[in-house]
There are 2 protein chains.
Amino acid sequence: MLIICLECDPGSASKRLNDLVRALAATGHQVLQIEARSDCTNRRASIHFYCQDSHMTQVTNTPYEALEVGQTASYSKTVEERDIQLFAAMSGDHNPVHLDAEYAAKTMFKERIAHGMFSGALISAAVACELPGPGTIYIGQQMTFLKPVKLGDTLTVRLEILEKLPKFRVRIATRVFNQNDELVVDGEAEILAPRKQQTVDLTVLPEITFG
Amino acid sequence: MLIICLECDPGSASKRLNDLVRALAATGHQVLQIEARSDCTNRRASIHFYCQDSHMTQVTNTPYEALEVGQTASYSKTVEERDIQLFAAMSGDHNPVHLDAEYAAKTMFKERIAHGMFSGALISAAVACELPGPGTIYIGQQMTFLKPVKLGDTLTVRLEILEKLPKFRVRIATRVFNQNDELVVDGEAEILAPRKQQTVDLTVLPEITFG
């Protein structure tokens, strides 16, 4: 994120803004979102550019021959309102225990919970992006759901290579913990590891807006 | 979906459009999306209303005592561009094999494929919305990924009650087929079935737009 203050002159601010977006693009930054806040009393407007550095979107995998039993990796994400809505829209599961605070308050959970398979999606992202990373082919996944995941929880997927099998097959422990270090999902993946090391450019998504 | 043709007069078209949205709302239809296509040569504009019938947003579950071994249910969804982008945004897995047609063409898959766990999300939605439905608590899920799922494939999750265990636990076969009736994901869920029958109002999501 980059914050810049401009004089409170709409015409000149607009021109400078365009110049800045172009300058950022030229240095490999893709502007994902712009937020403008004006403070005309002090003749200042702050412009927040949420940028994605194109250099940060490359991922290098770990091929089969470089994987070692005991090797670990982790992948964290905080469960936001937006994530639960995206999961609901994508899967079609609009159950109010995930989406409606008033309804959820009357359930045994007392508050909104994430869809159980949201943790599954994070496990798959951890395997596909962290260890072994791009080029991995999913063979199987087993999951045991131990505790509910609440809105605002920060989940960490911890991966550990358990066994290297013939024909590039690998067993990986896939455990998900919350911010209190409680195990919320236990499980195991079986994958086909990549045969060769490769570096891929992760794709930048179009901006998604709600409402 | 409802398609209506209007005269190509922006002023009158806009007024008629508002009247129509109000009329649809009065009959219990929530307008989710409007697409307008104008054909001024023939003085016609077609307006596509994507509606959700509010009567379709209630779901009644099947409680433990009413479940029978052999009972089945199914849940279908076509994998659209939008679904793959939603999954990528929600999970953080931006691998180009899912999102970049040019990159995917050079892989063993020859074209873009859905994230493997997208099928997992559909399985969880089938269990949570169809059988047993709302109030179900996920205990575990095992999946074996057998074939890739391509953009445009229509997936059908077929559920079958396998076993009723003590303390409301139930084993369910969770198999996912594509439009050619090929088994793409085999697996099994273990759940806590709802104790009581209930009917819930599924939550309507805010509209999600891309780009």
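Residues numbered from 1 in each chain as written. Chains lettered and ligands numbered in written order. Predicted model: local features only at pLDDT ≥ 70, side-chain atom pairs only at ≥ 80, totals over all residues. Heavy atoms only, no water.

If you check an unreviewed UniProt entry, chain A appears there as MaoC-like domain protein from Pseudomonas syringae pv. aceris.

Caption draft 1: Up close: helix α2 (residues 81–91) of chain B. Residue and element names in this part refer to chain B. Of all the eleven residues making up α2, nine are buried; the element is thus mostly covered by neighbouring parts of the structure. Here α2 has its buried residues at D83, I84, Q85, L86, F87, A88, A89, M90 and S91. G92, located one to two residues past α2, shows a positive phi value of around 90°. (Buried < 20%, exposed > 50% of the residue type's maximum accessible area, 1.4 Å probe, protein only. Helix = DSSP H or I, 4+ residues; strand = E, 2+ residues; numbered from the N terminus.)

Caption draft 2: Looking closely at the relation of the copies chain A and chain B. With an RMSD of 0.0 Å, the operation that places chain A on chain B is a rotation of 180° combined with a shift of 0.0 Å along the axis. Considering both components of the superposition, the chain copies are consistent with a two-fold axis. Using C-alpha coordinates, one finds that chain A approaches the rotation axis most closely at Q142 of chain A, a distance of 2.1 Å. With an isologous cut-off of 70% or more, the 100% of interface residues of chain A that recur at the interface of chain B puts this contact in the isologous class. (Least-squares fit on C-alpha atoms with pLDDT ≥ 70 in both. Contact = heavy atoms within 4.5 Å.)

Caption draft 3: Summary view of the packing of helix α5 (residues 116–129) of chain A against helix α5 (residues 116–129) of chain B. Two elements in contact, α5 of chain A and α5 of chain B, have axes separated by 9 Å at closest approach and are oriented at 175°. In terms of orientation, α5 of chain A lies roughly antiparallel with respect to α5 of chain B. Contacts from M117, G120, A121 and S124 of chain A in α5 of chain A reach M117, G120, A121 and S124 of chain B in α5 of chain B. (Axes fitted to C-alpha atoms, helices over the stretch in contact; angles between N-to-C directions. Parallel < 35°, antiparallel > 145°, perpendicular 65-115°, else oblique.)

Caption draft 4: Seen up close, the environment of C129 of chain B. By the element assignment, C129 of chain B lies in helix α5. On the basis of relative accessibility, which here comes to 8%, the residue C129 of chain B falls in the buried class. On a C-alpha basis, the gap between C129 of chain B and T60 of chain B in space is 8.5 Å, while along the polypeptide they are 69 residues apart. Setting aside chain neighbours within four positions, we find C129 of chain B in contact with G92, D93, H94 and N95 of chain A together with V59 and P134 of chain B.

Caption draft 5: Here's a closer look at the pattern of salt bridges. Enumeration according to the criterion identifies 18 salt bridges over all chains in this entry. We note a salt bridge from D83 of chain A to K77 of chain A, for which the minimum N-O separation is 3.3 Å. Residue classification places D83 of chain A among the buried residues on the basis of a relative accessible area of 2%. Across the pair E111 of chain B and K150 of chain B runs a salt bridge whose closest N-O atoms are separated by 3.4 Å. Residue E111 of chain B is located in the loop between α4 (101–105) and α5, and its partner K150 of chain B is located in the loop between β6 (137–145) and β7 (154–164); the two are separated by 39 residues in the primary sequence. In this structure, a network of salt bridges that share partners links the residues E163, R171 and E188 of chain A. (Salt bridge = Lys/Arg side-chain N within 4 Å of Asp/Glu carboxyl O.)

Caption draft 6: Region of the structure containing the pairing of β7 of chain B. Residues and elements named next belong to chain B. Relative to β7, strand β5 (residues 72–78) runs antiparallel, the two sharing seven bridges. Bridge pairing links S74 to R158 in β7. Relative to strand β8 (residues 169–177), β7 is paired through eight bridges, and the arrangement is antiparallel. The partner of I161 across the bridge, within β8, is I172. Linking two consecutive strands that pair antiparallel, namely β7 and β8, is a turn of four residues; a positive phi of about 55° is found at K167 within it. (Pairing = 2+ DSSP bridges.)

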